[in-house]
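Secondary and tertiary structure notes
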Amino acid sequence: MAQNEWILDVLSDLNAFAVENGLIALAEQLDDTKLIAAAEIASMQAKVRTPADGNKTRIEPGSGGFGKHQHTG
């Protein structure tokens, strides 16, 4: 498990507790919070994968429905 992904398990456990105890509004809020946490974790991981030269690889549609790599700087 990645360094920060443990928080997703904690949020899932809290959500399960909320549902089991009839705390519906809290459960819904925890669902939203888990989505935000997952997006932030993914964003952090994407920054780590950025090449050392700073170029970002972008996939754009090419012929036949397949993408081609283009580098932006």
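Topic: a nonpolar patch on the surface
- Residues Trp-6, Val-10 and Leu-14 make up a contiguous nonpolar surface patch of about 280 Å² in total accessible area.
- Note that Leu-14 resides in helix 1 (residues 6-20).
- Accessibility expressed as a relative area gives 43% for Leu-14, which makes it partly exposed.

Details of the packing of helix 1 against helix 2 (residues 24-48)
- One can describe the packing of helix 1 onto helix 2 by two numbers: an axis separation of 9 Å at closest approach and a directional angle of 170°. Comparing the axis directions of helix 1 and helix 2 gives the class roughly antiparallel. Contacts between helix 1 and helix 2 involve Ile-7, Leu-8, Leu-11, Ser-12, Leu-14, Asn-15, Ala-18 and Val-19 from the first element and Leu-26, Ala-27, Leu-30, Asp-31, Thr-33, Lys-34, Ala-37, Ala-38 and Ile-41 from the second.
- Classifying every residue of the contact of helix 1 with helix 2 by side-chain character gives 12 nonpolar, 3 polar and 2 charged.

Some details on the environment of Lys-34
- One can find Lys-34 in helix 2.
- Classification of Lys-34 as partly exposed rests on a relative accessible area of 32%.
- In this view, Lys-34 contacts Leu-8, Leu-11 and Ser-12; residues no more than four positions away in its chain are not counted.

Criteria and cut-off values
- Residues numbered from 1 in each chain as written.
- Predicted model: local features only at pLDDT ≥ 70, side-chain atom pairs only at ≥ 80, totals over all residues.
- Heavy atoms only, no water.
- Patch = residues over 30% accessible without salt bridge, like charges linked within 9 Å, V, L, I, M, F, W, Y side chains within 5 Å.
- Areas by Shrake-Rupley, 256 points an atom, 1.4 Å probe, with all protein chains shown as cover.
- Salt bridge = Lys/Arg side-chain N within 4 Å of Asp/Glu carboxyl O.
- Helix = DSSP H or I, 4+ residues; strand = E, 2+ residues; numbered from the N terminus.
- Buried < 20%, exposed > 50% of the residue type's maximum accessible area, 1.4 Å probe, protein only.
- Axes fitted to C-alpha atoms, helices over the stretch in contact; angles between N-to-C directions.
- Parallel < 35°, antiparallel > 145°, perpendicular 65-115°, else oblique.
- Contact = heavy atoms within 4.5 Å.
- Nonpolar A, V, L, I, M, F, W, Y, C, P; charged D, E, K, R; others polar.

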